[in-house]
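Summary of structural features
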Amino acid sequence: MIATPSRPPLVRFVALVEQRLGLHYEEGQWGELVTLLAERSASCGVDRYLEQLASQSSQAEWKALAERLTVGETYFLRHPTQLETLVDQVLPTFLRQTSTVRVLCAGCSTGEEPYSVALLARERGRVDSSRLRILGIDVNPRSIAHARRACYSPWSLRAVPSAMRQQWFQRTPEGFALQPQVRDQVIFEERNLLEEASAFWAPGSFHAILCRNVVLYFPQDVIRKIVARMAQALVPGGYLFMGPSETLRGISEDFELLRGGDAFYYRLKPPAPPTVSVPQAAPVATATPTATVAQRVATPAPMPPPPPAPDGLEGVLQLLEAERYTEAWALLESVPGNSSPKAQLLRAVLHLHAGRLSQAEQLGRQLVTASATEAPAYYLLGLCLEQSGDEAGARGRYAASVRAEPTFALAHLRAGSLARRAGDMVEARVALRMAVSLLPQEKPLHLSLFGGGFGRHGLMQVGLQELQACTEVP
Ligand SMILES: C[S@@+](CC[C@H](N)C(=O)[O-])C[C@H]1O[C@@H](n2cnc3c(N)ncnc32)[C@H](O)[C@@H]1O
């Protein structure tokens, strides 16, 4: 039996984790750390373990902790408007001045983000790939190993249009393997953003840095240090892309804020040439994979602060939509009556996003027995199976979801996509047509729980593209 550590060593452990990995835990979130500390120190005792952690010779243990504590949620073509801005506007501008452009993905997780840059550059045709260098870094060694393997589950590819999937990925028994010419274009390194490494952050090292959904849970002073390092490593007028819930307000004066469509991003001040030339007063386009960048503006705009989430389950839903999962989890745990079926459904979805498939499945199986949650619970079980690579099983769950609630547009959409992928074109067309016709009335709760950051409009585009892909096949 492993003893639970007392408060003083726990406080020290929390401080060390924050100091070394940047991860900040409020006291209400210490549960995970209590278990981890007890487990990791079981063989040598808590005091000795903490001494070792604080010493210089604890590299291996920090790697193990990074694997356990970091959240690696990511997928191909996440926040697509930012990626399009990068490959359509930012990189071509630099390529007019220099022979190669260098992009850093800081906190790249399992590689979907840097590979998305490589793929989009090829797809959009405005960047010569032989002149594009992409580097992905992450503190989690297991994520970096996965990134180098470049083989992905259908879940990782959920936002990739089917034509792109067919062109650039090959189906293998292990999953979807990225074509070697794209895979080899990205280099990966295991690296902690908090570590001093002056050679790595040398001035002018990168033209653009993506550091998206990484510093969300870092304390302000740590973010300040990291952003200063990135500013130093960028070429003059270089670009920084952060996640939609991350802001430089109060963090750095080195950047100006730009806006392209629904995407915000930063450029190093002063805005010396090279600059991005874009129309001055074009309308803001809605983010879809096919929207043209010429429709977008790049004028400085005030950064909207992350919206304060209201209390209660509504607040949890808003945080979920904004992909602020740790905050969503913390709020959910503090909401009174958080064992209601709706709260359990939210908990299951958060488990799924954190990759805890068995917990998500367990809750899903309980929730299918209540009529109020039957349809979304079947849908959730379908997502779990998709994530574990069982597409046939997932189709069965989506069918059950539709039987329980025939107007559930998202269930029709997933069922249709999987049917198309399995070659059942008649079934696919029927399901996708249902999805497209039902999406305008889809319940807001379903969109918040399962929309994956796509709004109603984005999902409609996905449905229409899938439908088109069905009709293109003889
Ligand atoms: C939520 S993922 C974001 C992945 C990708 N940037 C995206 O937006 O899809 C956050 C990643 O940041 C990494 N990370 C967290 N702390 C880090 C640190 N101190 N140094 C480097 N990477 C870190 C995690 O391991 C995780 O893979």
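Please refer to the structure higher up on the page.
Source: prediction; values computed, not measured.

1. Some remarks on the overall build of the chain
Scanning the chain from N- to C-terminus turns up 20 helices and ten strands. Going through the 474 residues of the chain one by one, you find that 55% of them count as buried.

2. Looking at the sheet that holds strand β5 (residues 175-178)
Here we have three strands laid out as an open sheet, ordered β3-β5-β4, and antiparallel in their pairing. Lying at the two open borders of the sheet, with one neighbouring strand each, are β3 (151-152) and β4 (169-172).

3. Observations concerning the site of the ligand
Surrounding the ligand, one finds 21 residues, the nearest of these being Thr74, Arg78, Asp138, Asn192 and Asn213. A distance of 2.7 Å separates an oxygen atom of the ligand from a polar side-chain atom of Asn213. Expressed as a share of its isolated accessible area of 600 Å², the protein-covered part of the ligand is 96%.

4. Some thoughts on unusual backbone geometry
Backbone geometry places His79, a non-glycine residue, at a positive phi of 45°. Located in the positive-phi region is Ala150, a residue other than glycine, with phi close to 60°. Positionally, Ala150 belongs in the loop between α7 (141-149) and β3. With relative accessibility at 1%, the residue Ala150 sits in the buried group.

5. Some words on the environment of Glu327
Locating Glu327 in the fold gives a position in helix α12 (residues 325-334). It is 8.0 Å that separates the C-alpha atoms of Glu327 and Val316, two residues lying eleven residues apart in sequence.

6. Re the packing of aromatic side chains
Applying the stated criterion to the full structure yields 14 aromatic pairs. Between Phe13 and Tyr49, the aromatic rings sit 6.5 Å apart at their centres with planes inclined by 55°, giving tilted as the arrangement. With Phe13 in helix α1 (residues 7-21) and Tyr49 in helix α3 (residues 46-54), the pair connects residues that are 36 residues apart, well separated along the chain. According to the relative accessible area criterion, Phe13 is buried, its value standing at 0%.

7. Remarks on α7
Turning to α7, its buried residues are Pro141, Ser143, Ile144 and Ala147. All buried residues of α7 project into a common sector of 160° when viewed along the axis, lining one side. Residues of α7 that are exposed and point over 90 degrees away from its buried face: Arg142 and Arg149. On its buried face, α7 sits against α4 (59-69), α6 (112-124), β2 (132-138), β3 and β6 (186-190).

Rules and cut-offs
- Residues numbered from 1 in each chain as written.
- Predicted model: local features only at pLDDT ≥ 70, side-chain atom pairs only at ≥ 80, totals over all residues.
- Heavy atoms only, no water.
- Helix = DSSP H or I, 4+ residues; strand = E, 2+ residues; numbered from the N terminus.
- Buried < 20%, exposed > 50% of the residue type's maximum accessible area, 1.4 Å probe, protein only.
- Pairing = 2+ DSSP bridges.
- Near = heavy atom within 4 Å.
- Polar contact = N/O pair within 3.5 Å; in protein donor to acceptor, adjacent residues only side chain to side chain.
- Areas by Shrake-Rupley, 256 points an atom, 1.4 Å probe, with all protein chains shown as cover.
- Phe/Tyr/Trp six-rings, centres within 6.5 Å; stacked < 30°, edge-to-face > 60°.
- Arc of directions from axis to C-beta.
- Contact = heavy atoms within 4.5 Å.

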